[in-house]
Amino acid sequence: MSSSPPVRAVVRALDLLQALNRQAVSTLDVLHAQTGMPKPTLVRLLQTFESRGIVKHAPQHGAYFLTSGVRSLSSGYHSEPMIVEAAAPLMDALTLRVKWPTAVAMLDDSAMVVRYSTIPLSPLAMRHSTINFRLSLVSRALGRAYLAFCPTDQQEALLTGIRQSPQPEDEAVRDRDALQHVLEKVHDAGYALRDPTVVPATNTLAVPVFDTHGVAATLGMTFFSSTLRPEQAVERYLADLQAVASQVSGRLKELQAA
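1. Concerning the overall build of the protein
Right, on to step 1. Within the protein, the secondary structure is distributed over eight helices and nine strands.
Right, on to step 2. Relative to a compact globule of 258 residues, whose C-alpha radius of gyration would be 18 Å, the protein shows 20 Å and is just as compact.
Right, on to step 3. With the C-alpha coordinates of the protein rotated into their principal frame, the extents come out at 70 × 40 × 35 Å.
Right, on to step 4. Relative to its 258 residues, the protein shows a buried fraction of 48%.
Right, on to step 5. Counting every atom, the protein has about 12,800 Å² of accessible surface; 54% of that belongs to carbon and sulfur.
Right, on to step 6. Computing the positive centroid from 24 side-chain charges and the negative centroid from 23, the protein places the two 9 Å apart.

Put into structure tokens, the structure is as follows:
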């Protein structure tokens, strides 16, 4: 019995699902580059996925991401799209209200990686995008917020790995006493700030996001150093940032329990 050729439409749909899995948020340009499919074809497939509840379109970002509905396929749904699904609308609403851009980052090896950002909604952003940026655990606010709230054994393992890093921003790991003091302050205060010597033009205020297993991600708001002193940012925006982080945590736990 001779084998039949594969159904082209099915192959394309599977290729697109695999491409959507490669990053937490995908633009049409990225999907076109990864799959080679014409953009009109991609749009039709994405609209079909959206109608079935497995993809969501964020028009203001020109981007797409998987939703929890993809779990019905028994594969392809992991923590990164879950974080984005839980956090994106809350982060968007916060930036529309306070104007400063926010970002959510997750641990990847021995650094934090930005998985979603509201830069496209912010009139106060210095960059066009930070999605997939890798950030130091010891000098960046998003990294410090994770490191200060993760379990002690994980913290030790991460610091051991960072000691092998050649990145200048990871040099703070060499002075263990000073770093431990910073992390204790972060844990006691409930928030982290970036090392002021790293990109002095801006700073970031960051807080942890928890799921059923512990700290799952960190949420940060970036502001101009010339506009706000760190203590002013804390006074004006910490409560808002913590409220969003708490809501994201609640959504994550609901998604994990579903």
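2. Brief notes about the side chain of Thr 218
Right, on to step 1. Along the chain, the position of Thr 218 falls in strand 9 (residues 214–224).
Right, on to step 2. Exposure remark for Thr 218: the relative accessible area of 0% places this residue in the buried category.
Right, on to step 3. Among all residues touching Thr 218, those that are not within four sequence positions of it are Ala 103, Val 104, Ala 105, Met 112, Leu 142, Ala 145, Tyr 146, Val 207, Pro 208 and Val 209.

3. Focus: the sheet that holds strand 4 (residues 102–108)
Right, on to step 1. With antiparallel pairing, the six strands of this open sheet are ordered in space as 6-5-4-9-8-7. The two strands at the open ends of the sheet, each matched to only one other strand, are strand 6 (134–135) and strand 7 (192–193).
Right, on to step 2. As paired elements, strand 4 and strand 5 (residues 111–117) share six bridges and run antiparallel to each other. The residue of strand 5 that forms the bridge with Met 106 is Val 113.
Right, on to step 3. Sheet strands in contact with helix 5 (residues 141–149) are strand 4, strand 5, strand 6, strand 7, strand 8 (202–211) and strand 9, and its direction is about 35° off that of strand 8.
Right, on to step 4. Its contacts with the sheet put helix 8 (residues 230–257) on strand 7, strand 8 and strand 9, and the angle it makes with strand 8 is roughly 30°.

4. A closer look at unusual backbone geometry
Right, on to step 1. In this model, Lys 99 sits at a positive phi of 80°, which is unusual for a non-glycine residue.
Right, on to step 2. For Asp 109, which is not glycine, the phi dihedral falls at a positive 60°.
Right, on to step 3. Within the fold, Asp 109 resides in the loop between strand 4 and strand 5.

5. Some words on the nonpolar core
Right, on to step 1. In this structure, Leu 205, Leu 219, Val 248 and Leu 252 are the most contacted members of the largest nonpolar core, which totals 39 residues.
Right, on to step 2. Secondary-structure elements contributing two or more residues to this core are strand 3 (63–66), helix 4 (79–98), strand 4, strand 8, strand 9 and helix 8.
Right, on to step 3. Other than its neighbours up to four places away in sequence, Leu 252 contacts Met 82, Ile 83, Ala 86, Val 209, Phe 210, Asp 211 and Ala 216.
Right, on to step 4. The next biggest cluster of nonpolar side chains, apart from the first, holds 25 residues, and it includes Leu 135, Leu 142, Tyr 146 and Ala 148.

6. With respect to the environment of Asp 188
Right, on to step 1. Here Asp 188 is to be found in helix 7 (residues 176–189).
Right, on to step 2. The spacing of Asp 188 and Met 37 is 151 residues in sequence and 51 Å in space, taken between C-alpha atoms.

7. With respect to the sheet that holds strand 3
Right, on to step 1. Pairing in this open sheet of three strands is antiparallel, and the strands run 1-3-2 from one edge to the other. With one partner strand each, in any of the chains shown, strand 1 (26–27) and strand 2 (55–58) form the two edges of the open sheet.
Right, on to step 2. Inspection of the sheet shows strand 2 paired to strand 3 by four bridges, in the antiparallel sense. Bridge pairing in strand 3 links Val 55 to Leu 66.
Right, on to step 3. Contacts from helix 1 (residues 8–21) reach strand 1, strand 2 and strand 3 within the one sheet, and its direction differs from that of strand 3 by about 95°.

8. Topic: the packing of aromatic side chains
Right, on to step 1. Within the structure shown, the criterion is met by two aromatic pairs.
Right, on to step 2. On the basis of an interplanar angle of 80° and a centroid distance of 6.1 Å, the ring pair of Phe 149 and Phe 210 is categorised as edge-to-face. Highlighted residues: Phe 149 in helix 5 and Phe 210 in strand 8, separated in sequence by 61 residues.

9. As for the pairing of strand 3
Right, on to step 1. Burial along strand 3 is two-sided: the residues Ala 63 and Phe 65 and Tyr 64 and Leu 66 are all buried.
Right, on to step 2. With two bridges joining them, strand 1 and strand 3 adopt antiparallel strand pairing. Across the sheet, the residue bridging to Thr 27 is Ala 63, located in strand 3.

Definitions and cut-offs
Counting of residues starts from 1 at the beginning of each chain's written sequence and follows it residue by residue. Local features are withheld for residues below a pLDDT of 70 in this predicted model, meaning they are given only at 70 or higher, and side-chain atom pairs are given and counted only at 80 or more; totals for whole chains, interfaces and linings count all residues. Computation of side-chain values covers all heavy atoms of the structure but excludes hydrogens and water. Counting from the N terminus, the helices are DSSP H or I runs at least four residues long and the strands are E runs at least two residues long. Two things to know: the radius of gyration comes from C-alpha atoms, and the globule rule equals 2.2 Å times the number of residues to the power 0.38. For the exposure calls, accessible area comes from a 1.4 Å probe over protein chains only, and a residue counts as buried if that area is under 20% of its type's maximum, exposed if over 50%, partly exposed in between. Here the accessible surface of atoms and residues is derived via Shrake-Rupley with a 1.4 Å probe, and residues count as covered only by protein chains that are part of the display. Charged-residue counts in this description rest on Lys and Arg as positive and Asp and Glu as negative, His and the chain ends being excluded. A single reference atom marks each charge: NZ on Lys, CZ on Arg, CG on Asp, CD on Glu. In this description, contact between two residues means that some pair of their heavy atoms is separated by no more than 4.5 Å. Strand pairing is assigned whenever DSSP detects at least two bridges linking the two strands. Convention adopted: a line fitted to C-alpha atoms gives each axis, helices being fitted over their contacting stretch, and angles between N-to-C directions are expressed from 0 to 180 degrees. Note on terminology: a nonpolar core comprises buried Ala, Val, Leu, Ile, Met, Phe, Trp, Tyr and Cys residues joined through side-chain atoms within 4.5 Å. Note on aromatic contacts: the rings of Phe and Tyr and the six-membered ring of Trp form a pair at centre separations within 6.5 Å, being stacked when their planes are under 30 degrees apart, edge-to-face when over 60 apart, and tilted otherwise.

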